[in-house]
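Descriptive structure summary
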Amino acid sequence: MPVCRLAAVDAQTLWMSAAIPNDQFLLYAFEAGTAEVDRALCELRDRARTCGELGMRIADTGFWTYPAWVPYEVGAEQFVVHELGDRSWTACLAAVAGLADEQLDPWAMSWRLHVFPAIDDVPGAPGGTVAVLQASHALGDGIRSSALAGYLFGRSAALPGVTAPPHAVGGFPRRAVAAARAHRRLVRDTATGLVPAQADSVPALRTNAQPTGPRQVRAVICERRHLSGPTVTVAVLAAVSAALSRHLRDLGDDPSLLGAEVPMAKPGPRMAHNHFGNVGVGLYPDAEIGLRTRRIAADLYQRRRRAAHPAMLAESAAFASVPAPVLRWGVRQFDPEVRSSRVTGNTVVSSVNRGARDLRFGGGRVVLTTGFPGLSPMMGLAHGVHGIGDTIAVSVHAAESAVGDVDAYVQRLARELRVQD
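These notes cover the structure that comes with them.

Thresholds applied
Residues numbered from 1 in each chain as written. Predicted model: local features only at pLDDT ≥ 70, side-chain atom pairs only at ≥ 80, totals over all residues. Heavy atoms only, no water. Axes fitted to C-alpha atoms, helices over the stretch in contact; angles between N-to-C directions. Helix = DSSP H or I, 4+ residues; strand = E, 2+ residues; numbered from the N terminus. Left-handed = near helix turned anticlockwise from the far one by under 90°. Contact = heavy atoms within 4.5 Å. Nonpolar A, V, L, I, M, F, W, Y, C, P; charged D, E, K, R; others polar. Disulfide = S-S within 2.5 Å. Buried < 20%, exposed > 50% of the residue type's maximum accessible area, 1.4 Å probe, protein only. Pairing = 2+ DSSP bridges. Core = buried A, V, L, I, M, F, W, Y, C linked by side-chain atoms within 4.5 Å. Phe/Tyr/Trp six-rings, centres within 6.5 Å; stacked < 30°, edge-to-face > 60°. Lys NZ or Arg CZ within 6 Å of the ring centre and 35° of its normal. 1 Å grid on protein atoms, 1.4 Å probe; cavity = no way out; pocket = protein on both sides within 12 Å on 5 of 7 lines; lining within 4 Å. Points joined across faces, edges and corners; volume = space filled by probe spheres on them. Polar contact = N/O pair within 3.5 Å; in protein donor to acceptor, adjacent residues only side chain to side chain. Arc of directions from axis to C-beta.

Interaxial distance between helix H6 (residues 232-250) and helix H11 (residues 406-416) falls to 8 Å at its minimum, and their mutual angle equals 145°. Where H6 crosses over H11, the handedness of that crossing is right-handed. Note on element contacts: H11 touches H6 through Ala408, Tyr409, Arg412, Leu413 and Glu416, opposite Ala239, Val240, Ala242, Ala243, Leu244, Arg246, His247 and Asp250. Taken together, the residues of the contact of H6 with H11 sort by class into eight nonpolar, one polar and four charged.

A few words on the state of the cysteines. By definition, a disulfide is the covalent link that joins the sulfur atoms of two cysteine residues. With the rule as written, the count across this model stands at zero disulfides. Of all cysteine sulfurs, the one in Cys51 lies closest to Cys4, which takes part in no disulfide; the gap is 13 Å. When its relative accessible area of 45% is taken as the criterion, Cys4 is described as partly exposed. Just so you know, Cys42 is unpaired, no disulfide at all, and the nearest cysteine sulfur is the one on Cys51, 18 Å from it.

Reading across from one edge, E1-E4-E3 is the order of the three strands in this open sheet, with antiparallel pairing throughout. At either margin of the open sheet sits one strand with a lone partner, and together these are strand E1 (4-5) and strand E3 (56-59). The pairing of E3 with strand E4 (residues 68-71) spans four bridges and is classified as antiparallel. Its bridge partner being in E4, Arg57 is matched across the sheet by Val70.

This part is about the nonpolar core. Ranked by internal contacts, the top residues of the largest apolar core, which has 43 residues, are Trp111, Leu113 and Phe153. Setting aside anything within four residues of it in sequence, one finds Trp111 in contact with Ala48, Leu54, Tyr72, Val74, Gln78, Phe79, Leu104, Leu133, Gln134, Ala135, Leu139 and Leu152. With 40 residues, the next largest nonpolar core counts Leu205, Ala243, Val403 and Val406 among its residues.

Across two bridges, E1 lies against E4 in antiparallel orientation. Across the sheet, the residue bridging to Cys4 is Trp69, located in E4.

A few words now on the packing of aromatic side chains. The full count for this structure, using the stated rule, is six aromatic pairs. Ring geometry for Phe79 against Trp111: centres 5.6 Å apart, planes inclined by 85°, an arrangement best described as edge-to-face. Highlighted residues: Phe79 in strand E5 (residues 79-81) and Trp111 in strand E6 (residues 111-119), separated in sequence by 32 residues. Note on accessibility: Phe79 and Trp111 belong to one class, buried. One Lys or Arg, Arg47, reaches over the ring of Tyr151 and ends 4.2 Å from the middle of that ring.

This paragraph deals with empty space enclosed by the protein. Using the criterion set out here, one finds one cavity of 30 Å³ or more in the structure. Taken as a whole, the largest cavity holds about 120 Å³ of empty space. Taken together, the elements giving at least two residues each to the lining of the largest cavity come down to H6 and helix H7 (289-307). Among the residues making up the lining of the largest cavity, the classes are represented as six nonpolar, three polar and two charged.

A separate point is the environment of Gly154. Position of Gly154 relative to the elements: it lies in the loop between helix H4 (142-152) and helix H5 (171-191). Distance in space between the C-alpha atoms of Gly154 and Val352 is 19 Å, their sequence separation being 198 residues.

Now for the side chain of Gln24. Here Gln24 lies in strand E2 (residues 24-31). Judged by its relative accessible area of 14%, Gln24 is buried. A polar atom in the side chain of Gln24 sits 2.6 Å from the backbone oxygen of Gly140. Polar contacts involving the side chain of Gln24 include one to the side chain of Ser145, which spans 3.0 Å. Apart from the residues within four sequence positions on either side, Gln24 is in contact with Leu133, Gln134, Ala135, Ser136, His137, Gly140, Asp141, Gly142 and Ser145.

Buried within H11 we find Val406, Tyr409, Val410, Leu413 and Ala414. All buried residues of H11 fall inside an arc of 140° around its axis, so they share one side. Where H11 is buried, its residues contact strand E9 (215-223), H6, strand E16 (381-388), strand E17 (391-399) and helix H10 (400-403). Immediately beyond the C-terminal end of H11, within one or two residues, lies Arg418, with a positive phi of roughly 65°.

It is worth spelling out unusual backbone geometry at this point. Located in the positive-phi region is Ala118, a residue other than glycine, with phi close to 55°. With a phi angle near 45°, Tyr284 is a residue other than glycine that sits in the positive phi range. Mapping Tyr284 onto the fold places it in the loop between strand E11 (276-282) and H7.

It is worth spelling out the sheet that holds E16 at this point. The sheet built from six strands is open, its strands ordered E9-E17-E16-E13-E10-E11 with mixed pairing. Each edge of the open sheet carries a strand with a single partner, namely E9 and E11. Neighbour to neighbour, the strand axes of the sheet diverge by 20° on average, direction disregarded. By the bridge criterion, seven bridges tie strand E10 (residues 259-265) to E11 in an arrangement that is antiparallel. Bridging from a neighbouring strand, Val262 pairs with Val279 of E11.

Shown next as structure tokens:
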């Protein structure tokens, strides 16, 4: 049986987690069902055992090669039930935030499911169960991890396929030369206006300071029909622009050049579990809402056009064939203490559509889903935008140093999203 090695980008994500913890936390809230929690967990465990992608952990194969995915038996230790003294939705979110303190050991397991039964006031249901899939980022990006969660909770759709990464010996020099040639073409195409220029960096604000103080998570729940914009992502970016710029001005910052860092799926075939890149998008807080929305949408379109240039595909192919020792060495050079006065964005806004409202836990149907993008040494505020059916959850993950009073900021964001108390 051939060894299935991690793609270079997945290995980089794995090794970077030692400096910046990057487990993902995918939250799903379900109506109260008829099945007992223990019985529902048995059903989930049996289902997980039928999915090869959920029965994988990482094995280190030495310094000279990339780690490998190896099969293992899904066990009861991957399902954890948390009995909260305070069963409110707010207390549940606080407990979810605390899960980040215990990152997974991907050499032992690549995912774990946390279950919070009998939560009293889940939005959209008088009571229900909250399930949180904690997944190593090496296992998948937001799209792939959502597909894995969907399968676990009853969906039968095929998982995103991954083409084997090009680890062939001697492939890197050839692909590096091809990438250099393609880059020269990109420079020419950019100069002549055939391809949009790379997004400008923006000045760092207090949201880019090293996160300090308590870290809290919140979620604003709304319906798709209440969001004004060509897409959910654009509508939320426009709302974040207004809420965050006003909040930062009150705190003494100048947000006139406010920007967001947005994860965007790469074009072309998926050659890794993580198939995305982060792009910079202007938020134009001083423009009126109609113009702001159009400019944000135009920025996203330009980033997609540039990402589709052959130079980007050649660059990805070259990176995919970097020898393991070289990439290991490069990751070790990362210094989380280094600061920069210019950044890709002043906040992260990560958006994933998690499909139809067809998931179940026991006998309970899903009512909402959300997630909380992690913070990093240069990012103290992150937003998640997650939809299931017509229900959209806009999450906020913030350090006190970034926004001060997180509830005051969330109230501003809810007003911009036209959510009534």
